[in-house]
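One letter stands for each residue in the lines below.
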Amino acid sequence: MKAWMIWFATGGGVLAWALHLGIAWSVAEVSCYGSLDGNILQRAGRGATAGWVEAGATVLPWLLALAAVITNLAVRRRLRALDPDVLAAGRTGLMLVMGLFLDVMALVAITAGAIGLLVVEPC
């Protein structure tokens, strides 16, 4: 088992959520500025490019967070197969339990953010 798998299983979902917040919501705000009439994000109001960027910055981080959850479950299963006491005794078990909680919360947050981007008109 590689160390990067444990770290991805622990923090991958949170990093994906940060990526979603940084890109999708920034584009949603920037695409509404009236003084930038000629920018690539804005075409006769709120442009189609902004919608595609927001969709990509929502779907890809959601898939990344889902991959972190699946990796977390796979790593836990492998550690249990190697030694049943590893999850109960070591810091690896604590990392994976907290990582699973954070990854699932990131999935929920990205999903809620996607609903917000779809339902609420930013301009």
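We now turn to the structure provided with this report. (Residues numbered from 1 in each chain as written. Predicted model: local features only at pLDDT ≥ 70, side-chain atom pairs only at ≥ 80, totals over all residues. Heavy atoms only, no water.)

1. Considering the overall build of the chain
Within the chain, the regular secondary structure consists of four helices and zero strands. When its helices and strands are written in sequence order, the chain yields α-α-α-α. Counting over 123 residues, the chain shows a buried share of 33%. Within the chain, contacts between residues at least 6 apart in sequence are counted, and of these 73% link residues at least 24 apart. Carbon and sulfur atoms make up 73% of the accessible area of the chain, which totals about 7,400 Å². (Helix = DSSP H or I, 4+ residues; strand = E, 2+ residues; numbered from the N terminus. Buried < 20%, exposed > 50% of the residue type's maximum accessible area, 1.4 Å probe, protein only. Contact = heavy atoms within 4.5 Å. Areas by Shrake-Rupley, 256 points an atom, 1.4 Å probe, with all protein chains shown as cover.)

2. What about helix α4 (residues 91-119)?
The end-to-end C-alpha distance of α4, which contains 29 residues, comes to 41 Å, matching closely the 42 Å that a straight helix rising 1.5 Å per residue would cover. Listing the buried residues of α4 in full gives Gly93, Leu96, Gly99, Leu100, Asp103, Ala106, Leu107, Ile110, Gly113, Ala114, Gly116 and Leu117. (Expected span 1.5 Å × (residues − 1).)

3. With respect to the side chain of Asn72
Checked against the element boundaries, Asn72 lands in helix α2 (residues 48-82). A polar contact of 3.0 Å, which involves the side chain of Asn72, links it to the backbone oxygen of Leu96. Once residues within four sequence positions are removed from consideration, Asn72 is found in contact with Ala9, Leu96, Gly99, Leu100 and Asp103. (Polar contact = N/O pair within 3.5 Å; in protein donor to acceptor, adjacent residues only side chain to side chain.)

4. Remarks on helix α1 (residues 3-30)
Counted at 1.5 Å a residue, the expected span for α1 with its 28 residues is 40 Å, and the 38 Å between its end C-alpha atoms agrees. At Gly11, α1 shows its strongest bend, of approximately 50°. Along α1, the residues that are buried comprise Met5, Ile6, Ala9, Thr10, Gly12, Gly13, Ala16, His20, Ala24, Val27 and Ala28. (Bend = angle between axes of the 7 residues up to and from the residue.)

5. A look at a nonpolar patch on the surface
Together, Val14, Leu94, Val97, Met98, Phe101, Leu102 and Met105 give the surface a local cluster of nonpolar side chains, amounting to about 620 Å² of exposed area. Secondary-structure assignment places Phe101 in helix α4. (Patch = residues over 30% accessible without salt bridge, like charges linked within 9 Å, V, L, I, M, F, W, Y side chains within 5 Å. Salt bridge = Lys/Arg side-chain N within 4 Å of Asp/Glu carboxyl O.)

6. Some thoughts on the packing of α1 against α4
Between α1 and α4, the least distance of the axes is 7 Å, while the angle of their chain directions is 20°. As far as their axial angle goes, α4 and α1 are roughly parallel. Relative to α4, α1 is oriented so that their crossing is left-handed. Taken together, the residues of the contact of α1 with α4 sort by class into 17 nonpolar, eight polar and one charged. (Axes fitted to C-alpha atoms, helices over the stretch in contact; angles between N-to-C directions. Parallel < 35°, antiparallel > 145°, perpendicular 65-115°, else oblique. Left-handed = near helix turned anticlockwise from the far one by under 90°. Nonpolar A, V, L, I, M, F, W, Y, C, P; charged D, E, K, R; others polar.)

7. A closer look at the environment of Thr92
Tracing the sequence through the fold places Thr92 in helix α4. Setting aside its immediate chain neighbours within four residues, Thr92 contacts Ile6 and Leu79.

8. Observations concerning the environment of Ala74
Here Ala74 is to be found in helix α2. For Ala74 and Ala9, which are 65 residues apart along the polypeptide, the C-alpha to C-alpha distance reads 9.0 Å.

Take it as geometry only, folks, not as evidence of what the structure does.
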